[in-house]
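# Observations on chain architecture
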Amino acid sequence: KRVLVLNGPNLNMLGVREPDIYGALTLKDIEALCAETAAEVGLSVDFRQSNHEGELVTWIQQARESADAILINPAAYSHTSVAIHDALKAAGLPVAEVHLSNIHQREAFRHHSYVSAVAFGVICGFGATGYRMALTALAERLK
Ligand code: DQA
């Protein structure tokens, strides 16, 4: 089974960007961790990042044809994007939402995510390990 792993805006800056909040790992490092975990649990991953809301929406639409599940860290779009919410809902695939940081411990504007209502599970605050946890949960779910 195939999981589309989507990363939203500014996550290409990981490692450089606020490492005290987001950790020292780069997005490449997280991609490598995901590949390792996917192999362990028998999934294949298609790992992508975009700074553009519309590009993420298009990829989510295409996932109907090319993926069995979606793991998404929508980054700042979590808190703003009805378009990503709608696309995920329409895709009809299991969605796991991941945040590196604990969004509930941070500014009030990060406490609500439009994605959570269309996700079967949400993981936040465990850094890159959250991606591994979500892939493991998706593998269970797709059995
Ligand atoms: C984030 C949390 C968001 O609030 C923030 O805008 C991000 C990253 C996280 O992984 O902790 O860019 O999704």
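A quick note: this is a predicted structure, and the numbers were derived from the prediction, not measured.

Around the ligand lies a shell formed by Asn-10, Asn-73, Ala-75, Ala-76, Ser-78, His-99, Leu-100, Ser-101, Ile-103 and Arg-110. Partitioning the shell around the ligand into residue classes produces four nonpolar, five polar and one charged.

Within this numbering scheme, the UniProt entry marks Asn-73, His-79, Asp-86, Leu-100, Ser-101 and Arg-110 as carrying the feature "binding site: substrate" (unreviewed entry). Of the residues just listed, which span 38 residues, the most distant C-alpha pair is 24.2 Å apart, and they do not cluster in one region. The topology assignment puts Leu-100 in the loop between strand S4 (95-99) and strand S5 (121-124). Assessed through the 23 C-beta atoms surrounding it within 10 Å, Leu-100 is described here as buried. Among residues more than four places away in sequence, those in contact with Leu-100 are Tyr-22, Gly-23, Gly-127, Ala-128 and Gly-130. Judged by local crowding, Arg-110 falls into the partly exposed class, with 17 C-beta atoms found within 10 Å. Contacts of Arg-110, omitting those with residues within four sequence positions, involve His-79 and Ile-103.

Cut-off values and rules
- Residues numbered from 1 in each chain as written.
- Predicted model: local features only at pLDDT ≥ 70, side-chain atom pairs only at ≥ 80, totals over all residues.
- Near = placed C-beta within 6 Å.
- Nonpolar A, V, L, I, M, F, W, Y, C, P; charged D, E, K, R; others polar.
- UniProt positions renumbered as here; feature names shortened; annotations may be inferred.
- Helix = DSSP H or I, 4+ residues; strand = E, 2+ residues; numbered from the N terminus.
- Buried ≥ 20, exposed ≤ 12 C-beta atoms within 10 Å, placed from the backbone.
- Contact = placed C-beta atoms within 7 Å.

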